[in-house]
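Coordinate analysis (summary)
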Number of protein chains: 2
Amino acid sequence: MSQARPTILKIGGSVITDKNTELGVQMEVITRIADELQEANPRNLIIVHGGGSFGHPVAQKHAIKEGFKEEQQIIGFAETHHVMTVLNGIFMDALIWRGIPAVSITPSSCAMTRNGRIQCFEDSPIKQLLKMGFIPVLYGDAVFDTELGFTILSGDQLVSFLAMRFNAKNILIGVDVDGLYNADPKDNPEAKMFDRLTLEELKKVKGFFGGSSACDVTGGMANKISELIPAVEQGIPALVFNATKPKYIYKVLKGDKVKGTLIEKE
Amino acid sequence: MSQARPTILKIGGSVITDKNTELGVQMEVITRIADELQEANPRNLIIVHGGGSFGHPVAQKHAIKEGFKEEQQIIGFAETHHVMTVLNGIFMDALIWRGIPAVSITPSSCAMTRNGRIQCFEDSPIKQLLKMGFIPVLYGDAVFDTELGFTILSGDQLVSFLAMRFNAKNILIGVDVDGLYNADPKDNPEAKMFDRLTLEELKKVKGFFGGSSACDVTGGMANKISELIPAVEQGIPALVFNATKPKYIYKVLKGDKVKGTLIEKE
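Everything numeric here is computed off the predicted structure, so don't read it as measured data.

Check the secondary structure of chain A and you find 10 helices and 12 strands. With respect to the three principal axes, the spread of C-alpha positions in chain A is 50 × 45 × 35 Å. Considering only residue pairs separated by 6 or more positions, chain A has 75% of its internal contacts joining residues 24 or more positions apart. Roughly 10,200 Å² of accessible area belongs to chain A as shown, and the carbon and sulfur atoms make up 47% of that amount. Once the 29 positive and 31 negative side-chain charges of chain A are each reduced to a mean point, those two points are 6 Å apart.

Given below as structure tokens:
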């Protein structure tokens, strides 16, 4: 039992799902990630995964992020939360049957937002999990909002919140690109990747990260990076790396160097 | 949006799972119950389901209820929680795709016990769900305990707790027998069912309800009934009825009379 500062590992929805197919899961990626987690056998780790082709299309269809406006959204909210629990269940299945002591924490059961920002968060189960050597696993979710009725709580907001609340050692952001570029590497072969950015540098180039996957109700890379800033300002370094590459998750958990963009306070 | 007193419906694990097969689900029963819920279209309802062949065998194998004693239990706790989320997912699936606005609430994410009794419970998501017309769905779960490390929170304790916390109108306990008997009807053809019991009468005959299904870590019928007592004492009537019988759930939700045992304060 240890109470060292935890690492927060984000696994992007675009990594574990197929964004081109509604409810399309990248099972071979999930299997590989579970193998790597088993091999790395990390302690003091909190995992947060995204929604990808599960949460985003349903949330978008019913405008869940915008809050409660009409009766028909009610079933849309229920569906959004449900498909996220299904994705989480698939991910947890891969972990549990490998003997990884992972326990899912349902954001909508323990958190409420106010105008989209976390307002209250019951963190005692997570504290207890970490103390006992479990790996808490959270995810972007449809949650209740004191002003909007409901909204979407992105995995990225959760990552930053948890990093600050638990005074994390570091944040590891696994995405489907190698790091942060000065242009979109999917469109522009001249795009250059940053190995390291200070907060000051990050704020200057942030505009370039606007390009995102086809469907991401939580705002894509630009939002992902904005969410990180308060945690980095608090002195928690964040590494953006490519989690679709074999062994990268294993290596970052072991503290080995991988290609990626390290964001530090200064 | 209504804030009337809710009804708490318990659906026993023995109703929706096959207690003779580990991880055996009674899919046709779940489908029928979902049809009945859709037809009844209830408002102000909280559902709690049990663990049956999902939660109980895993919890028993790893002695989760007894609390944390050795390292090997860690994966056992993770497994117990996981199989419960799987059962809940199957149940939710049947509800959601029928357009029933049901939202799962994960007990281990929002509640902690102290020596097995609920000590803290973050109830704001459930309040918001009821206010907006959703049906919260909870279940017996492996939860964290401030004294024991972890334990099992039975669906029955949850039912009574929620009934009192939300000042429920009534409690409906769906099990796989017709009601409470003066002897076990599965062994004794002479056993007589009670149509109605006052608390005073109940306390006198409670000893008879000890006989339970093959594997129930939460203590079977005797414990189910003990858990109900504080809520009934508070004036909330509880009906024990057979949820394996077609249309019974529909009828009890509509307020129609069905065979069963009604427990009232006096």
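The subject of this paragraph is the packing of aromatic side chains. Residues and elements named next belong to chain B. One pass over the structure, following the stated rule, counts 12 aromatic pairs over all chains. An angle of 40° between the planes, with centres 4.9 Å apart, marks the rings of Phe77 and Phe144 as tilted. Pair noted here: Phe77 is in helix H4 (residues 73–96) and Phe144 is in strand E7 (residues 141–145), with a separation of 67 residues, a long-range link. For the residue pair Phe77 and Phe144, the accessibility class agrees, reading buried in each case. Judged by centre distance (5.0 Å) and plane angle (25°), the ring pair of Phe77 and Phe150 falls under stacked. On the criterion of sequence distance, the pair formed by Phe77 in helix H4 and Phe150 in strand E8 (residues 149–153) is long-range, its members being 73 residues apart. Assessed through its relative accessible area of 0%, Phe77 is described here as buried. The positively charged end of Lys247 is found above the aromatic ring belonging to Tyr250, 4.2 Å away from the centroid.

This brings us to the interface of chain A and chain B. On the side of chain B, 41 residues touch chain A, which itself brings 41 residues to the contact. The tally of links between chain A and chain B comes to zero salt bridges. Summed over the shared surface of chain A and chain B, the number is 11 residue pairs in polar contact (both at pLDDT 80 or more). Elements with a minimum of two residues in the side of chain A that touches chain B: helix H4 (73–96), strand E3 (102–104), helix H5 (107–110), helix H6 (124–132), strand E7 (141–145) and strand E8 (149–153) of chain A. Of the residues that constitute the side of chain A that touches chain B, the class distribution is 25 nonpolar, 12 polar and four charged.

The next subject is the sheet that holds strand E10 (residues 196–198) of chain B. Pairing between the strands of a sheet is mediated by backbone hydrogen bonds and can be parallel or antiparallel. All names here are of chain B. With respect to topology, eight strands assemble into an open sheet ordered E3-E6-E2-E1-E9-E11-E12-E10, the strand pairing being mixed. Two strands in the sheet have a free side with no partner beyond their single neighbour: strand E3 (102–104) and E10. Averaged over all pairs of adjacent strands, the angle between their axes in this sheet comes to 20°, without regard to strand direction. Strand direction decides the pairing type here: strand E9 (residues 170–175) and strand E11 (residues 238–242), joined by five bridges, are parallel. The partner of Ile171 across the bridge, within E11, is Ala238.

Mapping B:Asp156 onto the fold places it in helix H7 (residues 155–165). Here B:Lys224 takes part through its side chain, which lies 3.3 Å from a polar atom of the side chain of B:Asp156.

Further remarks concern the environment of A:Lys131. Positionally, A:Lys131 belongs in helix H6. Residues A:Lys131 and A:Glu190, spaced 59 residues apart in sequence, show a C-alpha to C-alpha distance of 47 Å.

Residues and elements named next belong to chain A. Counting buried residues along helix H3 (residues 52–61), eight of its 10 residues qualify, which places the element largely inside the surrounding structure. Looking only at H3, the buried set comprises Gly52, Ser53, Phe54, Gly55, His56, Pro57, Val58 and Ala59. Next to the buried residues of H3 lie helix H1 (13–16), H4 and E8. Positive phi shows up at Ala63, right after H3, with a value of about 50°.

Let us look at the side chain of A:Ser124. Relative to the helices and strands, A:Ser124 resides in helix H6. A polar contact of 2.3 Å, which involves the side chain of A:Ser124, links it to the side chain of A:Glu122. Non-local contacts of A:Ser124, meaning those with residues more than four positions away in its chain, are made with B:Met112 and B:Cys120.

Residue and element names in this part refer to chain A. Two numbers describe how H3 lies on H4: the axes approach to 8 Å, and their chain directions differ by 175°. What the angle tells us is that H3 and H4 run roughly antiparallel. Two secondary-structure elements touch here, H3 through Phe54, Gly55, Val58 and Ala59 and H4 through Gly76, Glu79, Thr80, Val83, Met84, Val86, Leu87 and Ile90. By residue class, the composition of the contact of H3 with H4 is eight nonpolar, three polar and one charged.

Below, the discussion takes up the pairing of E8(A). All names here are of chain A. Burial within E8 is extensive, with five of its five residues counted as buried. Note: E7 against E8, five bridges, orientation antiparallel. What sits directly across from Asp145, in E8, is Gly149. Where E7 hands over to E8, the hairpin turn is made up of three residues, counted between the paired strands.

For the pair chain A and chain B, the relating rotation is 180°, the translation along its axis is 0.0 Å, and the fit reaches an RMSD of 0.0 Å. Taken together, these values place the two copies in the relation of a two-fold axis. Relative to the rotation axis, the closest C-alpha in chain A is found at A:Cys110, a distance of 2.5 Å. Taken as a fraction of all interface residues of chain A, those also at the interface in chain B reach 100%, which identifies the copy contact as same-surface.

Thresholds applied
- Residues numbered from 1 in each chain as written.
- Chains lettered and ligands numbered in written order.
- Predicted model: local features only at pLDDT ≥ 70, side-chain atom pairs only at ≥ 80, totals over all residues.
- Heavy atoms only, no water.
- Helix = DSSP H or I, 4+ residues; strand = E, 2+ residues; numbered from the N terminus.
- Contact = heavy atoms within 4.5 Å.
- Areas by Shrake-Rupley, 256 points an atom, 1.4 Å probe, with all protein chains shown as cover.
- Lys, Arg positive; Asp, Glu negative; His and termini not counted.
- Charge placed at Lys NZ, Arg CZ, Asp CG, Glu CD.
- Phe/Tyr/Trp six-rings, centres within 6.5 Å; stacked < 30°, edge-to-face > 60°.
- Buried < 20%, exposed > 50% of the residue type's maximum accessible area, 1.4 Å probe, protein only.
- Lys NZ or Arg CZ within 6 Å of the ring centre and 35° of its normal.
- Salt bridge = Lys/Arg side-chain N within 4 Å of Asp/Glu carboxyl O.
- Polar contact = N/O pair within 3.5 Å; in protein donor to acceptor, adjacent residues only side chain to side chain.
- Nonpolar A, V, L, I, M, F, W, Y, C, P; charged D, E, K, R; others polar.
- Pairing = 2+ DSSP bridges.
- Axes fitted to C-alpha atoms, helices over the stretch in contact; angles between N-to-C directions.
- Parallel < 35°, antiparallel > 145°, perpendicular 65-115°, else oblique.
- Least-squares fit on C-alpha atoms with pLDDT ≥ 70 in both.

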